[in-house]
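Here is what each chain is made of, one letter per residue.
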Amino acid sequence: MVSYQGVSRLFYSRIQQVLRAEEPTNDQLVMQMQSVSLALEELLVSSQEQNCLTVGIYESAKFLNVDPDSVVLCVLAADHEEDVALQIHFTLLQSFCCNSGITILQVSGIQRLHQLLGAADVNKDQDERKDLHCLLVTNPQVNHCRLQEVGAYCQESLRPDQWVPTLILQER
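Just so it is clear, the model here is predicted, and its values are computed rather than measured.

(A) View of the packing of helix H2 (residues 26-49) against helix H5 (residues 110-117). It is the contact of H2 with H5, at a shortest axis distance of 10 Å, that shows an interaxial angle of 40 degrees. When the axis of H2 is compared with that of H5, the two are oblique. The way H2 lies across H5 gives a crossing that is right-handed. Here Glu-41, Leu-44, Val-45 and Gln-48 of H2 lie close against H5, whose contacting residues are Arg-112, Leu-113, Leu-116 and Leu-117.

Okay, structure coming up:
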């Protein structure tokens, strides 16, 4: 006869094995973040080339008001800024996107976005540069393979305590 304690220990041990097997290692997480970061960069550049990218908080808000059904991804970018007005805009945009079923991704690495999207100009000061705090990828007819990778990452990264996935863009 098998004791209850023996079964429960065996069951507990098996659960621990399964949980350990499913948890990705730090190396796997780093590789996934690098892959998704590269996918996002390629997606943003190709969207800009195809004229399917809306840039700026106010421009994005206007576009969302007119045609939210054509938006497939909303990227909110901030580098630990303490700007209260920016945080309020982010909250409103996040709420609208969640209610509209639009995938949202928050990124840090504004300088990398400036490099990618050609908005960096050494002759301009920070205030005169293009506002890259909000980027909307539009035109759902464009079935970009990188959009699927970024979207999958966003879905996998959703957690009860964090409803907007985050990603760090590395400067190169």
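Still more to cover.
(B) The arrangement of helix H6 (residues 145-157) in detail. Across its 13 residues, H6 extends 19 Å between first and last C-alpha, which sits within 8% of the 18 Å expected from 1.5 Å per residue. Along H6, the residues classified as buried are Arg-146, Leu-147, Val-150, Gly-151, Tyr-153, Cys-154 and Ser-157. Viewed along the axis of H6, the buried residues span an arc of 155 degrees, placing them on a single side of the element. Summarising the geometry of H6, the exposed residues directed more than 90 degrees from the buried face are Cys-145, Gln-148, Gln-155 and Glu-156.

Rules and cut-offs
- For every chain, the first residue of its written sequence is number 1, and the numbers climb from 1 along that sequence.
- Restriction of local features to residues with pLDDT of at least 70 applies here, the model being predicted, together with a cutoff of 80 or more for giving and counting side-chain atom pairs; totals for whole chains, interfaces and linings are based on all residues.
- Water and hydrogen atoms play no part in the side-chain values, which are based on all heavy atoms of the structure.
- To define axes, lines are fitted to C-alpha atoms, for helices over the stretch in contact only, and angles between the resulting N-to-C directions are given on a 0 to 180 degree scale.
- Secondary structure is summarised from DSSP: a helix means a run of H or I of at least four residues, a strand means a run of E of at least two, and numbering begins at the N terminus for each.
- Angle categories are assigned with fixed cut-offs, so that under 35 degrees is roughly parallel, over 145 is roughly antiparallel, 65 to 115 is roughly perpendicular, and the rest are oblique.
- By convention, the crossing between two helices is left-handed when the near helix turns anticlockwise from the far helix through less than a right angle, and right-handed when the turn is clockwise.
- The contact criterion used is simple: two residues touch if any of their non-hydrogen atoms lie within 4.5 Å.
- In this scheme, a helix's expected span is set at 1.5 Å multiplied by one less than its residue total.
- When a residue's accessible area, from a 1.4 Å probe over protein chains only, is under 20% of the maximum for its type it is buried; when over 50% it is exposed; and in between it is partly exposed.
- Working definition: the arc comes from the directions between the helix axis and the C-beta atoms, pointing outward to the latter.

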